[in-house]
Amino acid sequence: MLRSFARLASPMRMRQAALYSTSSMSQGEQHIYNKLTEALEPHKLRVVDVSGGCGSMYAIDIASKAFEGTTIVKQHRMVNQILKDEIKDMHGLQLKTSAK
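Model, not experiment: these values are computed from the prediction.

> Hey, could you go over the packing of helix α2 (residues 27-40) against helix α3 (residues 72-82) for me, with residue numbers and the actual values?
Interaxial distance between α2 and α3 falls to 10 Å at its minimum, and their mutual angle equals 120 degrees. If you check the angle between α2 and α3, you find them oblique. Like other packed secondary-structure pairs, α2 and α3 cross with a definite hand, here right-handed. Here α2 contributes K35, L36, A39 and L40 to the contact with α3, which in turn contributes M78, V79 and I82. Here the contact of α2 with α3 is built from residues that sort into 6 nonpolar, no polar and 1 charged.

See below:
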């Protein structure tokens, strides 16, 4: 399950697990995952619908080299810009970003 990713040790294993587990994602999770992967080429990415399945709130944990040298605020703005169309229909977004 996606929530178990935090227990995996290396970024490579996390990436492999994320790629393997995408089949268990909802359509909304998969859409967000694909959009962020295409734009930021993350080495860690977890997308979870935390709204109970209705797609109105997501938790995203993402790490990408694209964030290197930027503040957390700028990292969040980057993600928000990428997902601007999707965010319009959301009730909320939990976002954790990192360059590592």
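After presenting the structure, the write-up continues.
> Break down α3 for me, citing the residues and quoting the values.
Looking only at α3, the buried set comprises Q75, V79 and I82. Buried residues of α3 fall within an arc of 60 degrees about the axis and therefore sit on the same side. The elements touched by buried residues of α3 are α2, β2 (57-63), α4 (84-87) and β3 (92-98).

What counts, and where the lines are drawn
- Residues numbered from 1 in each chain as written.
- Predicted model: local features only at pLDDT ≥ 70, side-chain atom pairs only at ≥ 80, totals over all residues.
- Heavy atoms only, no water.
- Axes fitted to C-alpha atoms, helices over the stretch in contact; angles between N-to-C directions.
- Helix = DSSP H or I, 4+ residues; strand = E, 2+ residues; numbered from the N terminus.
- Parallel < 35°, antiparallel > 145°, perpendicular 65-115°, else oblique.
- Left-handed = near helix turned anticlockwise from the far one by under 90°.
- Contact = heavy atoms within 4.5 Å.
- Nonpolar A, V, L, I, M, F, W, Y, C, P; charged D, E, K, R; others polar.
- Buried < 20%, exposed > 50% of the residue type's maximum accessible area, 1.4 Å probe, protein only.
- Arc of directions from axis to C-beta.

All we've got here are geometric facts, nothing functional implied.
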